[in-house]
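If you want the building blocks of each chain, they are given just below.
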Amino acid sequence: MSKRKNLLAIIGSATSASANLKLVEEIARMTANDFEITIYTHLKTLPHFDPELSVNNPPEEIIAFRNAVHQADGLIVSTPEYIFSIPSGLKNAIEWCIATTVFANKPTALITASANGQKAHEELQLIMKTAMAKFSEETSLLIQGIKGKINEEGKLKDEDVIIKVKKLIEAFSVML
Ligand SMILES: Cc1cc2nc3c(=O)[nH]c(=O)nc-3n(C[C@H](O)[C@H](O)[C@H](O)COP(=O)(O)O)c2cc1C
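What you see is a predicted model; the values in this text were computed from it and never measured. (Residues numbered from 1 in each chain as written. Predicted model: local features only at pLDDT ≥ 70, side-chain atom pairs only at ≥ 80, totals over all residues. Heavy atoms only, no water.)

Caption draft 1: Representation of the nonpolar core within the structure. In this structure, L90, F103 and M128 are the most contacted members of the largest nonpolar core, which totals 26 residues. Elements with a minimum of two residues in this core: β1 (5-11), α3 (60-71), β3 (74-79), α4 (88-97) and α5 (118-130). For this core, the leading source of residues is α4, giving five residues. Contact partners of M128, with chain neighbours within four places excluded, come to I94, F103, L110, A133 and F135. (Core = buried A, V, L, I, M, F, W, Y, C linked by side-chain atoms within 4.5 Å. Buried < 20%, exposed > 50% of the residue type's maximum accessible area, 1.4 Å probe, protein only. Helix = DSSP H or I, 4+ residues; strand = E, 2+ residues; numbered from the N terminus. Contact = heavy atoms within 4.5 Å.)

Caption draft 2: The packing of aromatic side chains, seen in detail. One pass over the structure, following the stated rule, counts three aromatic pairs. Taking 4.8 Å as the distance between ring centres and 55° as the angle between the ring planes, the aromatic pair formed by Y40 and F65 counts as tilted. Of this pair, Y40 sits in strand β2 (residues 35-40) while F65 sits in helix α3, and the two are 25 residues apart along the sequence. On the basis of relative accessible area, F65 is assigned to the buried category, the value being 1%. Relative to W96, the ring of F49 lies with its centre 5.3 Å away and its plane at 85°, an arrangement referred to as edge-to-face. Within this pair, whereas F49 is found in the loop between β2 and α2 (51-54), its partner W96 is found in helix α4, the two being separated by 47 residues in sequence. The exposure class assigned to W96 is buried, which follows from its relative accessible area of 1%. (Phe/Tyr/Trp six-rings, centres within 6.5 Å; stacked < 30°, edge-to-face > 60°.)

Below, the structure is given as structure tokens:
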């Protein structure tokens, strides 16, 4: 049997009771035989992006975040939309990496799970394309109305979403 892939999941939500977090935890259960998913939970405590420190003197937390991205076999970014955009915490973390190549050619699944989420999903794809992450239409998924499609335990209640998540996992597995 081949070794399980180490994935880093970055949750864009600023809420601890996040539907995106529950969704990624559910994906971790669904893929437990193939993926070992580490959920990055420190977005909120990262310092604000500072271009004067980014290249020559990045803060320790940023070095740790970059290393976690670099060492992962692949990434899952799962995020809500905040005010028609990706949440500032997620954008901040990506800004700290843009002078590096940690995202370059990194197999990535992009999930926007939100009330609407369309703008954030487009933006997330543009940003991650700029960061040169490796993703495709098949490893990108917009889930609208997420709150009504997942329960408290993180079980997906919507057949259509379950099928789409399974397809995303399949496409992502091939990319890894
Ligand atoms: C500050 C803020 C702004 C929001 N703006 C949007 C928005 O523009 N579009 C949208 O679809 N949902 C918006 N929402 C709703 C969230 O997308 C929704 O609550 C989502 O389920 C949150 O995901 P989470 O449970 O993973 O945090 C906003 C929520 C917050 C807290």
